[in-house]
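Residue-level structure breakdown
The primary structure of each chain is shown beneath.
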Amino acid sequence: MMTKLLHLEQHPGVNPNSFKSTITSVSDDRIELQSTGYYPQGGGQPADKGVMVGTDFECKVVDVRKRDSVLHYITDMSGTPNVGDQVECTIDTLWRNQLSAMHTAQHLFSALANEEWGAQTVGNQIGFDRTRIDLQFENRDAFEADYMSDMVNLAIEDNMSVKMDFRPSQELIKDPLVRINMDRMPPNIDVWRTISIGDLDVCPCAGTHVLQTGDIPPVEITRVKSKGAGRLRIEYILN
Ligand SMILES: [Zn+2]
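Fair warning: this is a prediction, and the values are worked out from it, not measured in the lab.

Considering a negative patch on the surface
On the surface, a cluster of negative charge is contributed by E116, E144, D146 and D150. Mapped onto the elements, D146 comes out in helix α2 (residues 145-157). Overall, the relative accessible area of 60% leaves D146 in the exposed class.

Right under this line is the structure:
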């Protein structure tokens, strides 16, 4: 059964509310729900964590994966959950808030590297402590880490608004601020959840974000590593 993803309609993605739902499937290590506010791992962003409480049980949610439905991987079960039980779920706020800031910073890195050097983001792994982005350059020798971090920190100081809406793919294809190649996105999706940052970037994205760039702490690039022809892996932290 498809699980309704509540986080897609929520913005900003910080300080997530607890939510109620109903169990649709239970096994030893996982629970499925009718709807979920937990972010399932995807787009380089790790899954949410939290606590699920029912009338007759309580457990930790340690990982969340989207398949046909959303699978909530659970540990530390006390009591017995059953299909049909009502549950109340809380989401680890510290974890979510930091990942939302890291993820929004990644939008800034990707957009500014594209604007300055024409670089394309070809991979990313958001982390709580550090995040890495793989950038593909025409001429990677032109890249300067100090300049990159200065540009991102200026965009943070500018306190640009981060907006979420739903936009048709035909509109995104024509928008010059869309820096990713829409031809590489799944063609069967007509309307995209879209994140716009000031007049810098427009990006189809299912992740969680802060409300304005000023909510991101200053960034520091901690590592730049070669990943083959024209490609650099940039690692950053939030200070
Ligand atoms: Zn995003």
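Some details on the domain arrangement of the protein
As assigned here, the protein comprises domain 1 (4-91) and domain 2 (96-238). Computed over C-alpha atoms only, the centres of domain 1 and domain 2 are separated by 28 Å. At the interface, 18 residues of domain 1 touch 19 residues of domain 2. Buried area between domain 1 and domain 2, both sides added, is near 1,600 Å², and the carbon and sulfur share of it is 53%. In terms of surface lost to domain 2, no three residues of domain 1 exceed L8, H11 and Q45, which account for 35% of the buried area on that side. The interface formed by domain 1 and domain 2 contains one salt bridge. Notably, a salt bridge pairs R96 with D48, separated by 2.7 Å at the nearest N-O pair.

Brief notes about the nonpolar core
L108, F109, L112, M148, V152 and L238 are the most contacted members of the largest nonpolar core, which has 37 residues in total. Only α1 (93-117), β10 (131-136), α2, β11 (162-168), β12 (191-197), β14 (219-226) and β15 (231-238) provide two or more residues apiece to this core. Here this core gets 11 residues from one element, more than from any other, and that element is α1. Among residues more than four places away in sequence, those in contact with L238 are Q98, A101, M102, A105, I216, P217, P218 and V219. Listed in part, the 18 residues of the second largest apolar core include L5, F19, L33 and V87.

Regarding the sheet that holds β15
The four strands lie next to each other as β9-β10-β15-β14, forming an open sheet whose pairing is antiparallel. Two strands bound the open sheet, and with one partner strand each, they are β9 (120-125) and β14. Taken over all neighbouring pairs, the strand axes of this sheet differ in orientation by 25° on average, direction set aside. Direction of pairing for β9 relative to β10: antiparallel, over a ladder of five bridges. By the bridge assignment for β10, G123 is matched with D134. Against the sheet, α1 makes contact with β9, β10, β14 and β15, and its axis sits at roughly 140° relative to β15, the strand it touches most.

Focus: the packing of aromatic side chains
Applying the stated criterion across every chain yields a total of seven aromatic pairs. Ring plane angle 65° and centroid distance 6.3 Å describe the contact between W117 and F137, whose orientation is recorded as edge-to-face. Of the two residues, W117 is situated in helix α1 and F137 in the loop between β10 and α2; the sequence distance between them amounts to 20 residues. Three or more aromatic residues joined by ring pairs make a cluster, and in this case those are W117, F137, F143 and Y147. When the ring centre of W95 is taken as reference, the NZ or CZ atom of K49 above it lies at 3.9 Å.

Re the pattern of salt bridges
Tallied over the entire structure, the rule returns 11 salt bridges. D76 is the partner of K60 in a salt bridge, and the nearest nitrogen-oxygen pair spans 3.9 Å. Here K60 is found in strand β6 (residues 57-66), whereas its partner D76 is found in strand β7 (residues 70-79), with 16 residues between them in sequence. By relative accessible area, K60 is classed as partly exposed at 42%. R65 serves as the salt-bridge partner of D63, at 2.9 Å between the closest nitrogen and oxygen. Shared partners join several salt bridges into a network, and the residues in it are E115, R179 and D201.

The rules behind these values
- Residues numbered from 1 in each chain as written.
- Predicted model: local features only at pLDDT ≥ 70, side-chain atom pairs only at ≥ 80, totals over all residues.
- Heavy atoms only, no water.
- Patch = residues over 30% accessible without salt bridge, like charges linked within 9 Å, V, L, I, M, F, W, Y side chains within 5 Å.
- Areas by Shrake-Rupley, 256 points an atom, 1.4 Å probe, with all protein chains shown as cover.
- Salt bridge = Lys/Arg side-chain N within 4 Å of Asp/Glu carboxyl O.
- Lys, Arg positive; Asp, Glu negative; His and termini not counted.
- Charge placed at Lys NZ, Arg CZ, Asp CG, Glu CD.
- Helix = DSSP H or I, 4+ residues; strand = E, 2+ residues; numbered from the N terminus.
- Buried < 20%, exposed > 50% of the residue type's maximum accessible area, 1.4 Å probe, protein only.
- Domains from an automatic or database assignment.
- Contact = heavy atoms within 4.5 Å.
- Buried area = accessible area lost by both parts, 1.4 Å probe.
- Core = buried A, V, L, I, M, F, W, Y, C linked by side-chain atoms within 4.5 Å.
- Pairing = 2+ DSSP bridges.
- Axes fitted to C-alpha atoms, helices over the stretch in contact; angles between N-to-C directions.
- Phe/Tyr/Trp six-rings, centres within 6.5 Å; stacked < 30°, edge-to-face > 60°.
- Lys NZ or Arg CZ within 6 Å of the ring centre and 35° of its normal.

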